[in-house]
Amino acid sequence: NAGVTQTPKFQVLKTGQSMTLQCAQDMNHNSMYWYRQDPGMGLRLIYYSASEGTTDKGEVPNGYNVSRLNKREFSLRLESAAPSQTSVYFCASSELGTNTEAFFGQGTRLTVV
Amino acid sequence: GENVEQHPSTLSVQEGDSAVIKCTYSDSASNYFPWYKQELGKRPQLIIDIRSNVGEKKDQRIAVTLNKTAKHFSLHITETQPEDSAVYFCAAISPETTDSWGKLQFGAGTQVVVTP
């Protein structure tokens, strides 16, 4: 099994450019998440989707949008990138209930110049 | 919503000693508390978890304790080894009956350094 797959792995953007980070999971999980990781800040939740068809804001949603395209895919869009969005982005998925382990993608290192 | 605080932010221990990381949470409805380990340049991975109906859980050199009354939980690593060096994150999640169901909220992380 591939688990959680994120693309791209690295990206450099100019300020004001837009891009979409893709995430797909093959574990039939209902819940999916987008986090950003900055030094000393831990994993901060941007958006999450508890089930297909629903999305909710996390603690740092400003500047981002998400789409839960289907059960497998959850994308994160930056409409107008800013240097403050330079970070490592992780997608994760889990099955809430009896087995709640969250599985992470390999991360996307995004630099906005 | 849930707020998870984690201490200390860095922890240096001698090989063979024990390491303890503490977390507190704010939402009394939270019922699942996982711990993740992230090695340098890698993705976070689950190492142990505990549910609210259990006070302690052990897996070889790793143990987690939960105090629901005080709303805190701790990770204990005994006989530390150099390969235990990593960032450790605690997390909490609320059950389906709450507004924040599904929101997996992490602490800020603890950088553990084990020196030989």
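Conventions and cut-offs
- Residues numbered from 1 in each chain as written.
- Chains lettered and ligands numbered in written order.
- Predicted model: local features only at pLDDT ≥ 70, side-chain atom pairs only at ≥ 80, totals over all residues.
- Heavy atoms only, no water.
- Helix = DSSP H or I, 4+ residues; strand = E, 2+ residues; numbered from the N terminus.
- Rg over C-alpha atoms; globule rule 2.2 N^0.38 Å.
- Buried < 20%, exposed > 50% of the residue type's maximum accessible area, 1.4 Å probe, protein only.
- Contact = heavy atoms within 4.5 Å.
- Lys, Arg positive; Asp, Glu negative; His and termini not counted.
- Charge placed at Lys NZ, Arg CZ, Asp CG, Glu CD.
- Buried area = accessible area lost by both parts, 1.4 Å probe.
- Salt bridge = Lys/Arg side-chain N within 4 Å of Asp/Glu carboxyl O.
- Nonpolar A, V, L, I, M, F, W, Y, C, P; charged D, E, K, R; others polar.
- Disulfide = S-S within 2.5 Å.
- pLDDT = per-residue confidence, 0-100.
- Pairing = 2+ DSSP bridges.
- Axes fitted to C-alpha atoms, helices over the stretch in contact; angles between N-to-C directions.

## What about the overall build of chain B?
(1) Moving on: On a plain count of helices and strands, chain B comes out with 0 helices and 11 strands.
(2) Moving on: Along chain B, helices (α) and strands (β) appear in the sequence β-β-β-β-β-β-β-β-β-β-β when read from the amino end.
(3) Moving on: A globule of 116 residues ought to have a C-alpha radius of gyration of about 13 Å, and chain B, at 14 Å, matches this closely.
(4) Moving on: Judged by the C-alpha coordinates and their principal axes, chain B covers about 45 × 30 × 20 Å.
(5) Moving on: Going through the 116 residues of chain B one by one, you find that 47% of them count as buried.
(6) Moving on: For chain B, the proportion of contacts with a sequence separation of at least 24, taken over those separated by at least 6, is 54%.
(7) Moving on: On chain B, the mean spot of the 11 positive side-chain charges and the mean spot of the 14 negative ones are 3 Å from each other.

## Notes on the interface of chain B and chain A
(1) Moving on: Counting residues at the interface gives 20 residues for chain B and 24 residues for chain A.
(2) Moving on: For the chain B and chain A pair, buried surface summed over both sides reaches about 1,800 Å², with 57% attributable to carbon and sulfur atoms.
(3) Moving on: For the interface between chain B and chain A, the tally reads 0 salt bridges.
(4) Moving on: Every element with two or more residues in the side of chain B that touches chain A is listed here: β4 (32–38), β5 (45–51) and β10 (105–106) of chain B.
(5) Moving on: Ranked by residue count, the leading element in the side of chain B that touches chain A is β4(B), at 3 residues.
(6) Moving on: When grouped by side-chain class, the residues that make up the side of chain B that touches chain A number 10 nonpolar, 5 polar and 5 charged.

## Some points on the pattern of salt bridges
Residue and element names in this part refer to chain A.
(1) Moving on: A full pass over the atoms with the stated rule returns 6 salt bridges over all chains.
(2) Moving on: With its nearest N and O atoms 2.8 Å apart, the salt bridge here joins D38 to R44.
(3) Moving on: With relative accessibility at 12%, the residue D38 sits in the buried group.
(4) Moving on: Judged by relative accessible area, R44 falls into the buried class, the value being 18%.
(5) Moving on: When salt bridges that share partners are traced, they join R36, D38 and R44 into one network.

## Some words on the state of the cysteines
(1) Moving on: What the rule picks out here adds up to 2 disulfides over all chains.
(2) Moving on: With its sulfur 1.8 Å from that of its partner, C23(A) forms a disulfide with C91(A). The disulfide joining C23(A) to C91(A) has a torsion of about -75 degrees about its S-S bond and is therefore left-handed. Placement of the pair is C23(A) in strand β3 (residues 19–25) and C91(A) in strand β9 (residues 87–94), with a sequence separation of 68 residues.
(3) Moving on: Relative accessible area serves as the criterion here: at 3%, C23(A) is assigned to the buried category.
(4) Moving on: Shown here is the disulfide that connects C23(B) with C90(B), its sulfur atoms set 1.9 Å apart. Across the S-S bond linking C23(B) and C90(B), the dihedral sits near -100 degrees, which makes this disulfide left-handed. Of this pair, C23(B) sits in strand β3 (residues 19–25) while C90(B) is found in strand β9 (residues 86–92), placing the two residues 67 residues apart along the sequence. No difference in accessibility class separates C23(B) from C90(B), as the two residues are buried.

## Focus: the confidence of the model for chain B
(1) Moving on: Across chain B, pLDDT averages 92, with 96% of residues at or above 70.
(2) Moving on: No element of chain B has a lower mean pLDDT than β10(B), which averages 90, and none a higher one than strand β2 (residues 10–14) of chain B, which averages 98.

## Remarks on unusual backbone geometry
(1) Moving on: For the bond running from T7(A) to P8(A), omega is -5 degrees, close enough to zero to count as cis.
(2) Moving on: Residue placement: P8(A) occurs in the loop between β1 (4–7) and β2 (10–13).
(3) Moving on: Its identity is not glycine, yet N28(A) carries a phi of approximately 60 degrees, on the positive side.
(4) Moving on: If you trace the backbone, N28(A) turns up in the loop between β3 and β4 (31–38).
(5) Moving on: Not every positive phi belongs to a glycine, and E79(B) is a case in point at roughly 45 degrees.
(6) Moving on: Relative to the assigned elements, E79(B) resides in the loop between β8 (72–77) and β9.

## With respect to the sheet that holds strand β1 (residues 4–7) of chain B
Backbone-to-backbone hydrogen bonds join strands into a sheet, with any given pair of strands oriented parallel or antiparallel.
All names here are of chain B.
(1) Moving on: Spatially, the 5 strands line up as an open sheet ordered β1-β3-β8-β7-β6, and their pairing is antiparallel. Since the sheet does not close on itself, it has two edges, and those belong to β1 and β6 (56–59), each with one partner. Adjacent strand axes in the sheet meet at a mean angle of 15 degrees when their direction is disregarded.
(2) Moving on: Pairing analysis gives 4 bridges linking β1 to β3, with the strands arranged antiparallel. If you follow V4 over to β3, its bridge partner there is Y25.

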